[in-house]
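Examining the three-dimensional arrangement
One-letter residues, chain by chain:
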Amino acid sequence: MTPGAVAQVLLLVAVANGAPILATRLLGSRFSCPVDGGALWRDGRPLLGRSKTLRGLFASIAATAVAARLLGLTATSGMIIAALAMLGDLFSSFVKRRSARAPSAQALGLDQIPESLLPALYAVFELSLSAGDVAAVVALFFVGELFLSRVLYALGLREQPY
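Described below are features of the structure shown in this document. Since this is a predicted model, take the numbers as computed values, not measurements.

The next thing to look at is the packing of aromatic side chains. Following the criterion strictly, the structure yields 1 aromatic pair and no others. Note that Arg 98 overlies the ring of Phe 94, its terminal NZ or CZ placed 4.7 Å from the centroid.

Tracing the backbone through its elements, the reader meets Gln 160 in the segment after α5 (131-154). By relative accessible area, which is 30% here, Gln 160 ends up partly exposed. Note: C-alpha distance between Gln 160 and Leu 148 (12 residues apart in sequence) is 12 Å. Residue contacts for Gln 160: discarding those within four places in its chain leaves Ser 104, Ser 149 and Tyr 153.

A negative phi angle is the norm for most residues apart from glycine, just as the trans form is the norm for most peptide bonds. Positive phi values are uncommon outside glycine, yet Ala 100 reaches one of about 60 degrees. On the secondary structure map, Ala 100 appears in the loop between α3 (75-98) and α4 (113-126). Here Ser 128, not a glycine, exhibits a phi torsion of approximately 60 degrees, which is positive. Positionally, Ser 128 belongs in the loop between α4 and α5.

Quick notes on the rules
- Residues numbered from 1 in each chain as written.
- Predicted model: local features only at pLDDT ≥ 70, side-chain atom pairs only at ≥ 80, totals over all residues.
- Heavy atoms only, no water.
- Phe/Tyr/Trp six-rings, centres within 6.5 Å; stacked < 30°, edge-to-face > 60°.
- Lys NZ or Arg CZ within 6 Å of the ring centre and 35° of its normal.
- Helix = DSSP H or I, 4+ residues; strand = E, 2+ residues; numbered from the N terminus.
- Buried < 20%, exposed > 50% of the residue type's maximum accessible area, 1.4 Å probe, protein only.
- Contact = heavy atoms within 4.5 Å.

Encoded structure:
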């Protein structure tokens, strides 16, 4: 196991996932354009939903690029990690909309695994993570996200405790 690389990926995925929340708190509804443009899927439900915004996507990519540079990685690596984390988050949202879950409803595993697994798989090539490292990133993100979400909720930074 390469603890330094695992920690770097975990930190970058945390930044990627936290930046949209921070952008919402700082900007409110300003610049809040939905990624899906308000489109509906053939089932009549939103494709992704209003909470998935271009502002959040851009905030994630920009913040993670800066964080990557601070960790000695390239801004491009940070941008790719953020984009993959957001892709995983958008996938989760798409699946949750298809299963008629309410916006921001918790889906244990679905809310954590794709957004940590995709960046970790990229890090196999970028940071030479092993399969065990990838599993560690996903497991640690899963547990850490559940814990941190409750802390952010208690601090009033998150609307849901999950």
